[in-house]
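# Observations on chain architecture
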Amino acid sequence: MRLFPLLTAIAVTVFLYLLVIERDALLAFARGEGIEEAVAVAKAEDTPAMSPESLAASAEKTHDTAPVRVVATHSAAREIDSAVIVRGQTRAAREVDLMAETTGRVISEPLRKGTMVEEGAALCQLDPGTRQATLAQTQAALAEAEAARPTADARVAEAQAALDEAQITFTVRDRLKGDGFSSDTQLAAARAAVRAAEASLASARSGLTSADAAVEAAQASVASAQNEITKLTITAPFGGLLESDTAELGTLLQSGSLCATVTQLDPIKLVAYVPELQVDRVKMGAMASGRLASGGAQVTGQVTYIARSADPETRTFQVEVTVENPDLAIRDGQTVEMSISAEGVQAHLLPQSVLTLNDDGVLGVRVVDGDSKAAFVPVHLMRDTATGVWLTGLPEQADVIVIGQDFVIAGVPVAATFAPPAEGAGQ
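Residues numbered from 1 in each chain as written. Predicted model: local features only at pLDDT ≥ 70, side-chain atom pairs only at ≥ 80, totals over all residues. Heavy atoms only, no water.

### Notes on the overall build of the protein chain
When helices and strands are counted, the protein chain shows six helices and 22 strands. Per-residue burial over the protein chain gives 33% buried out of 427 residues. Contacts in the protein chain between residues at least 24 apart in sequence constitute 76% of all its contacts with a sequence separation of at least 6. Of the accessible surface of the protein chain, which amounts to about 25,300 Å², a share of 55% is contributed by carbon and sulfur atoms. (Helix = DSSP H or I, 4+ residues; strand = E, 2+ residues; numbered from the N terminus. Buried < 20%, exposed > 50% of the residue type's maximum accessible area, 1.4 Å probe, protein only. Contact = heavy atoms within 4.5 Å. Areas by Shrake-Rupley, 256 points an atom, 1.4 Å probe, with all protein chains shown as cover.)

What follows is the structure, given as structure tokens:
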């Protein structure tokens, strides 16, 4: 009862040994390649007929020189954009919370979130209260101050004329004194009159300065009252979408209270963080495309910002791409996979099935070298497309094995049959 399972285990072990360890010899024996060569050698040397066991041994010895049939393709490198692939999210071009700058009660009907508003549209209207009366009072004070200014100007002119007259009188008295026709008392009186006229002129000029200051103060009061009135209407600084309801009718808004939040989604930004090893490949103005996680919609735009300072925690650099969004189909905060165009590289477009691993686990392809032998070339996967994969690391022209690459190793002779390249591949 136990003999049959034991024999089965031995048979399976022998089969696995031949399949894994002696795979090449087993395949050659199955094709009859080694036996045919051994028979041909025996006939050529007039040797006695060989047993099947001897033929199998001879086939194993001659396997190293028997070329393995494979299918290859002539591949030529082509220049492609070496895109930087990163994940990010969408972000509104602008978003602002509109706050009240004065205190007042809302007297306007609220606008509901989701409403499109134009630049300058009134969002919250506050009760003016006594502000109009305050404005009228300041305007009256301004008119009074402006009316007092001509009087101050006239006083300055009058004081200037009196000073001129006093100076003339002093000059005449001084000459007459020299000729002996005027006394010292008269000359002193003339000099005193000049000093008095100078004092009057200084006083008049001071009055004029005060009048000018009063006018400016009144103008400032009027401007302040007018500015207070303009704060009663809170308007949209740009066209966009309301992300919240505006303040409800009757709500008392204090200075700093929220009226509404406005978001601009056209254009919209795609924001991602690029590792420091790839940030130098991203250039301002470079074209970029993005694929939204929801629905897979494709969008395109240009790089408009590259951060100069890295994030201190992730050591990555923020990159922004501006994308047109006229129908507002792209929402703020959506996940997006971005492909940013970088400097082109030479690459081969080949079927994905040509990729294989060597004994060290390195990704590469097997090619036919100039001596009709198989060779392993490490490659780097640049991009995966519907027509194949773009690979770098191969020479400009390469004969890549597309069928049978898993049955040969480096240095094994091959007999290649060349097939046309895959659709979309360069030649």
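Back to the write-up after that little detour.
### Structural notes on the state of the cysteines
For the coordinates displayed, the defined rule picks out one disulfide. Between the sulfur of Cys124 and that of Cys259 lies a disulfide, 2.0 Å long from S to S. Sign of the S-S torsion, about 100° for the bond between Cys124 and Cys259, identifies this disulfide as right-handed. Of the two residues, Cys124 sits in strand E6 (residues 122–125) while Cys259 sits in strand E10 (residues 258–275), which places them 135 residues apart along the sequence. Note on accessibility: Cys124 and Cys259 belong to one class, buried. (Disulfide = S-S within 2.5 Å.)

### Observations regarding the nonpolar core
Ranked by size, the top nonpolar core spans 26 residues in total, and within it Val282, Val303, Met338 and Ile340 carry the most contacts. When contributions to this core are tallied by element, the ones reaching two or more residues are strand E3 (84–99), E10, strand E11 (287–292), strand E12 (298–306), strand E13 (316–323) and strand E14 (335–340). Element by element, the count of residues in this core is highest for E10, at five residues. Once residues within four sequence positions are removed from consideration, Val303 is found in contact with Val282, Lys283, Met284, Gly285, Ala286, Val319, Glu320, Val321 and Ile340. Within the second largest apolar cluster, 25 residues are counted, among which are Leu126, Leu135, Ala260 and Val262. (Core = buried A, V, L, I, M, F, W, Y, C linked by side-chain atoms within 4.5 Å.)

### What to know about the side chain of Gln405
The residue Gln405 is located in the loop between strand E21 (397–403) and strand E22 (414–419) in this model. Apart from residues lying up to four places away in sequence, Gln405 is in contact with Ser353, Val354 and Arg366.

### Quick look at the pattern of salt bridges
Side chains bearing opposite charge may pair, as long as their charged atoms lie close to each other. This structure, assessed with the given rule, holds eight salt bridges. Asp153 is paired through a salt bridge with Arg149; the nearest N and O atoms lie 3.0 Å apart. Residue Asp153 and its partner Arg149 are both found in helix H5 (residues 131–179); the two are separated by four residues, about one turn of the helix. Taking relative accessible area as the criterion, Asp153 reaches 32% and is therefore assigned partly exposed. A salt bridge links Asp212 to Arg149; the nearest nitrogen and oxygen atoms lie 2.2 Å apart. In this pair, Asp212 is assigned in helix H6 (residues 184–230) and Arg149 in helix H5, connecting sequence segments 63 residues apart. (Salt bridge = Lys/Arg side-chain N within 4 Å of Asp/Glu carboxyl O.)

### Notes on the pairing of strand E17 (residues 363–368)
The buried fraction of E17 is high, at five of six residues. Bridge analysis of strand E16 (residues 356–357) against E17 gives two bridges, and the strand direction is antiparallel. Each bridged residue has a counterpart across the sheet, and for Leu357 the counterpart in E17 is Leu363. Where E16 hands over to E17, the hairpin turn is made up of five residues, of which Gly361 adopts a positive phi near 80°. Sheet topology places E17 next to strand E18 (residues 374–378); five bridges connect them, and they run antiparallel. Residue Arg366 lies in a different strand from E18, and its bridge partner there is Phe376. The loop that links E17 with its antiparallel partner E18 comprises five residues; one of these, Ser372, has a positive phi angle of about 60°. (Pairing = 2+ DSSP bridges.)

### What to know about the environment of Asp359
Summarising the element assignment, Asp359 is placed in the loop between E16 and E17. Remark: the alpha-carbon pair of Asp359 and Ile409, spanning 50 residues in sequence, is separated by 9.7 Å.

### Quick notes on a nonpolar patch on the surface
Side chains of Leu6, Leu7, Ile10 and Val14 sit close together on the surface and give an oily, nonpolar patch of about 370 Å² of accessible area. Note that Ile10 resides in helix H1 (residues 3–20). (Patch = residues over 30% accessible without salt bridge, like charges linked within 9 Å, V, L, I, M, F, W, Y side chains within 5 Å.)

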